[in-house]
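# Remarks on the overall topology
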Amino acid sequence: MMILAGLGNPGPRYQNNRHNIGFMAVDAIARRWRFGPERAKFQSVISEGEVDTPDGPVRALLMKPQTYMNESGRAVGEAARFYKITPDRIIVFHDEIDLAPGRFRMKTGGGAAGQNGVRSLISHLGPDFRRARLGIGHPGESHLVMPHVLGDFHKAEQPWLEALLNAVADALPFAAAGDDERYQGEVMRLAPAPKFSPRQVARDV
């Protein structure tokens, strides 16, 4: 089994926030792969299912921690201990302000880079879990970051957002098979997005 955890904040107030793109990603995966019904467990909303790979189906637990972003590690850590799942079998989907909108990058290990949900996960799992980083862009100035990430996606952003979420779900067999490099490449092939420095562009504007 593997854990696919999306990061976000619970409740309708935050539902369409950029910070909740991790929740949106696991919802897209659940739809694409027809996961079972949602239920409450591990301080999360979870569902279970399988992802087809060339080597056969891989069981997966989808998680949307309900602890609020900053305590996400408590929920994922509880599930990982229960199922005895090692960090290399955990993929965490989260927003990334230092990637241009629509860009996607896989990474294993490293620091939190200011992402408090990732910081919480490191404290409970260690650093060596896999991170699926979903670009939402940077507003240009540090004092604008919080209203940016806690703001809703604009209507103009919906085309790239929908394409990215669908690609993350469609290409998932590569990640389930352990090939993160190919997963990243396939997501960007299915949902190409311009590559640029979001901080610099925001400052120039």
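Counting restarts for each chain, with residues numbered from 1 along the sequence as it is written. Side-chain atom pairs in this predicted model are given and counted only at pLDDT of 80 or more, local residue features only at pLDDT of at least 70, and totals for whole chains, interfaces and linings cover all residues. Heavy atoms from the whole structure form the basis of all side-chain values; hydrogens and water molecules are not counted.

## Here we look at the overall build of the protein
- If you tally the helices and strands in the protein, you get eight helices and seven strands.
- Atoms counted for the radius of gyration: C-alpha only. Globule rule: 2.2 Å times residue count to the power 0.38. In terms of overall dimensions, the protein is globule-like: its C-alpha atoms have a radius of gyration of 16 Å, near the 17 Å expected for 205 residues.
- On the principal axes, the C-alpha backbone points of the protein span a range of 45 × 35 × 30 Å.
- Taking contacts inside the protein between residues at least 6 apart in sequence as the whole, the part at least 24 apart equals 68%.
- Where accessible areas are quoted, they stem from the Shrake-Rupley method and a 1.4 Å probe; at the residue level, only the protein chains shown are allowed to cover. Here the protein displays about 9,700 Å² of accessible surface, and carbon together with sulfur accounts for 51% of that area.
- Mean positive and mean negative side-chain charge positions of the protein (26 and 23 charges, respectively) differ by 2 Å. Strands are runs of DSSP state E lasting at least two residues, helices are runs of H or I lasting at least four, and both sets are numbered from the N terminus onward. Only heavy atoms matter for contacts: two residues are in contact if any of them lie within 4.5 Å across the pair. All tallies of charge rest on Lys and Arg as positive and Asp and Glu as negative; His and the ends of each chain are not included. Working definition for charges: the position is that of NZ of Lys, CZ of Arg, CG of Asp or CD of Glu.

## Comments concerning the packing of aromatic side chains
- Planes of paired rings set the category: under 30 degrees apart is stacked, over 60 is edge-to-face and the rest tilted, where pairs are Phe, Tyr or Trp rings (Trp by its six-membered ring) whose centres lie within 6.5 Å. Counted under the stated rule, the structure contains six aromatic pairs.
- Both rings, one in Y14 and one in Y68, keep their centres 6.2 Å apart while their planes meet at 85 degrees; by these two values the pair is edge-to-face. One end of the pair, Y14, is in the loop between strand 1 (2-6) and helix 1 (21-32); the other, Y68, is in the loop between strand 4 (58-65) and helix 2 (72-83), and 54 residues separate them in sequence.
- Given a relative accessible area of 15%, Y14 falls into the buried group.
- Using a relative accessible area of 43% as the deciding quantity, one classes Y68 as partly exposed.
- Between F42 and Y83 the ring centres are 5.9 Å apart and the planes differ by 70 degrees, which places this aromatic pair in the edge-to-face class. On the criterion of sequence distance, the pair formed by F42 in the loop between strand 2 (39-41) and strand 3 (44-51) and Y83 in helix 2 is long-range, its members being 41 residues apart.
- Each residue gets one of three labels from its accessible area relative to the maximum for its type: buried under 20%, exposed over 50%, partly exposed in between, using a 1.4 Å probe on protein chains only. On the accessibility criterion, Y83 (25% relative accessible area) is partly exposed.
- Grouping aromatic residues by their ring pairs yields a cluster made of F42, F82 and Y83.
- The residue whose ring lies beneath R32 is W33, and the NZ or CZ to ring-centre distance is 4.1 Å. Only lysine NZ and arginine CZ atoms are considered, and such an atom sits over a ring when it is within 6 Å of the ring centre and within 35 degrees of the ring normal.

## A word on helix 5 (residues 158-170)
- In this analysis, the expected span of each helix is defined as 1.5 Å times one less than the number of residues it contains. Under the 1.5 Å per step criterion, the end-to-end length of helix 5 is 18 Å for 13 residues, consistent within 8% with the ideal 18 Å.
- Of all the positions in helix 5, only L161, L164, L165, A167, V168 and A169 are classed as buried.
- In this structure, the buried side of helix 5 is in contact with helix 1, strand 5 (90-96), strand 6 (104-108), strand 7 (130-135), helix 6 (172-176) and helix 7 (180-190).

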